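Structural overview for review
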Amino acid sequence: MLFFAAVTGVGGGTVRDLLMGAPVFWVHTTTPMAVCLVMALLVWFTPTRWWPHHAIDWFDGMGVAAYGVYGAAKAQAYGVPWLPAAVLGVVTACMGGIFRDVLANVPSIVIRPELYVTAAALSAGCYVLLAACGVPQLVATTIAFAAGFALRGAAIRHGINLPAYRRS
């Protein structure tokens, strides 16, 4: 359980940092890994009856939106142009979960029709667009996070999915 929490929590940011040639963020400080492990223990030992229905999905939705923005912002801070920065935001938000699912041998959420990667892309894309327009960082971050989280939340609450691909 701790292994899966760690892989999920730092996997996307690790890939982002390696692709940018940046120091891998969690290797140089204890805090990111400690947060992953403490939160995993908290979830593991908290009785499920204390958690509202879909609570983990909602927390994950917050993470997808936040890390989409954070990954894009970090990429831009390292001089990455806007489009690759937005893609690195999506990588930051989604790759840890993909690694977890592959290692656990379960179907990944990113290959299901749920709006998941799309929410990360909305957050990251909004951030780079707003930053390019000169919007102050706090405002850009807040708007981009809210957009991605609102989309993911709507998908959770209302079962909104992407249309399935059909060959003609």
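Just so we're clear, the structure is a prediction, and the values are computed from it rather than from any experiment. (Residues numbered from 1 in each chain as written. Predicted model: local features only at pLDDT ≥ 70, side-chain atom pairs only at ≥ 80, totals over all residues. Heavy atoms only, no water.)

**Describing the pattern of salt bridges**
A complete count under the given rule lists four salt bridges for this structure. Between Lys74 and Asp17 there is a salt bridge; the shortest N-O distance is 3.1 Å. Remark: Asp17 occurs in helix α1 (residues 2-20) and Lys74 occurs in helix α3 (residues 55-77); sequence separation between them is 57 residues. On the basis of relative accessibility, which here comes to 0%, the residue Asp17 falls in the buried class. Between Asp101 and Arg100 there is a salt bridge, and its shortest N-O distance comes to 2.9 Å. Owing to a relative accessible area of 7%, Asp101 belongs among the buried residues under this scheme. Because the salt bridges share partners, they merge into one network encompassing Arg16, Asp17 and Lys74. (Salt bridge = Lys/Arg side-chain N within 4 Å of Asp/Glu carboxyl O. Helix = DSSP H or I, 4+ residues; strand = E, 2+ residues; numbered from the N terminus. Buried < 20%, exposed > 50% of the residue type's maximum accessible area, 1.4 Å probe, protein only.)

**Overview of the environment of Gln76**
By the secondary structure assignment, Gln76 is in helix α3. For Gln76, a relative accessible area of 26% corresponds to the partly exposed category.

**Notes on the packing of helix α5 (residues 117-132) against helix α6 (residues 137-158)**
Contact geometry for α5 and α6: axes closest at 8 Å, N-to-C directions at 160 degrees. Judged by the inter-axis angle, α5 sits roughly antiparallel to α6. Here α5 runs over α6; the crossing is right-handed. Every residue of α6 that contacts α5 at Thr118, Ala119, Leu122, Ser123, Cys126, Tyr127, Leu130 and Ala131 is listed here: Gln137, Ala140, Thr141, Ile143, Ala144, Phe145, Ala147, Gly148, Phe149, Leu151 and Arg152. Along the lines of polarity and charge, the residues of the contact of α5 with α6 split into 13 nonpolar, five polar and one charged. (Axes fitted to C-alpha atoms, helices over the stretch in contact; angles between N-to-C directions. Parallel < 35°, antiparallel > 145°, perpendicular 65-115°, else oblique. Left-handed = near helix turned anticlockwise from the far one by under 90°. Contact = heavy atoms within 4.5 Å. Nonpolar A, V, L, I, M, F, W, Y, C, P; charged D, E, K, R; others polar.)

**Digging into a nonpolar patch on the surface**
On the surface, Met1, Leu2, Leu41, Trp44 and Phe45 cluster together into a nonpolar patch covering about 530 Å² of accessible area. Per element, the largest residue contribution to the nonpolar patch is three residues, and it comes from helix α2 (residues 31-45). Mapping Met1 onto the fold places it in the segment before α1. (Patch = residues over 30% accessible without salt bridge, like charges linked within 9 Å, V, L, I, M, F, W, Y side chains within 5 Å. Areas by Shrake-Rupley, 256 points an atom, 1.4 Å probe, with all protein chains shown as cover.)

**Things to note about the state of the cysteines**
For the structure shown, the criterion picks out zero disulfides. We note that Cys94 lacks a disulfide partner, and the nearest cysteine sulfur, in Cys126, lies 15 Å from it. What makes Cys94 buried here is its relative accessible area of 4%. Cys126 provides the cysteine sulfur closest to Cys133, a residue in no disulfide bond, and the two sulfurs are 11 Å apart. Overall, the relative accessible area of 58% leaves Cys133 in the exposed class. (Disulfide = S-S within 2.5 Å.)

**Topic: the environment of Val135**
Structurally, Val135 is set in the loop between α5 and α6. Given a relative accessible area of 23%, Val135 falls into the partly exposed group. If near-sequence neighbours (up to four positions away) are discounted, Val135 is found in contact with Leu130 and Ala140.

**Brief notes about the packing of helix α4 (residues 82-104) against α5**
Two elements in contact, α4 and α5, have axes whose closest approach is 8 Å; the angle formed by their N-to-C orientations is 140 degrees. Compared by their axis directions, α4 and α5 come out oblique. Between α4 and α5 the crossing geometry is right-handed. Contact residues: Trp82, Ala85, Ala86, Gly89, Val90, Ala93 and Cys94 in α4; Val117, Ala120, Ala121, Ala124, Gly125 and Val128 in α5. Its residues placed into classes, the contact of α4 with α5 shows eleven nonpolar, two polar and no charged.

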